[in-house]
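# Commentary on secondary and tertiary structure
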Amino acid sequence: MFANNIPASNLIDPHLSYVREVTPSADGCEDCLRTGSLWVHLRLCLTCGHVGCCDSSPNRHARKHFHASGHPIIKSFEPGESWRWCYVDEQEV
Ligand SMILES: [Zn+2]
Ligand SMILES: [Zn+2]
Ligand SMILES: [Zn+2]
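What counts, and at which threshold
- Residues numbered from 1 in each chain as written.
- Chains lettered and ligands numbered in written order.
- Predicted model: local features only at pLDDT ≥ 70, side-chain atom pairs only at ≥ 80, totals over all residues.
- Helix = DSSP H or I, 4+ residues; strand = E, 2+ residues; numbered from the N terminus.
- Buried ≥ 20, exposed ≤ 12 C-beta atoms within 10 Å, placed from the backbone.
- Contact = placed C-beta atoms within 7 Å.
- Pairing = 2+ DSSP bridges.
- Axes fitted to C-alpha atoms, helices over the stretch in contact; angles between N-to-C directions.

## A closer look at the overall build of the protein chain
- Along the protein chain, the regular secondary structure elements total two helices and five strands.
- Going from the N terminus to the C terminus, the protein chain shows its helices and strands as α-β-β-α-β-β-β.
- Burial statistics for the protein chain: of 93 residues in total, 28% are counted as buried.
- When contacts within the protein chain are restricted to residue pairs at least 6 apart in sequence, those whose partners lie at least 24 apart make up 44%.

## Some details on the sheet that holds strand 3 (residues 73-76)
- If you walk across this open sheet you meet the five strands as 2-1-3-4-5, and the pairing is antiparallel. Strands at the two margins of the open sheet, each flanked by one partner only, are strand 2 (51-53) and strand 5 (91-92).
- Bridge count for strand 1 (residues 42-45) against strand 2 is three bridges, and the pairing is antiparallel. Bridge pairing links leucine 44 to valine 51 in strand 2.
- Strands strand 1, strand 2 and strand 3 of the sheet are contacted by helix 2 (residues 61-69), whose axis makes an angle of about 120° with strand 2.

The analysis is restricted to geometry; functional conclusions fall outside its scope.
This is the structure in structure tokens:
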């Protein structure tokens, strides 16, 4: 009888089913390393381990990886940070 009153933010994000045990692909943004570009912060794809750069970086490779691969969940790859982000819902998960 409560089912219709649950706010969407309290539901578990269905995209978390894409999260796997991953090994980071590189110590830096693998695409920036290839082209010699600079990045600001690093993001780790939790589906395949791709390391890409954040939306504050000039090339936004983490977001490009999401568009190219469809992998929706990333985690901060910065020391001491452990938050996760869903690109589909544009929210922390
Ligand atoms: Zn989501
Ligand atoms: Zn990059
Ligand atoms: Zn990926």
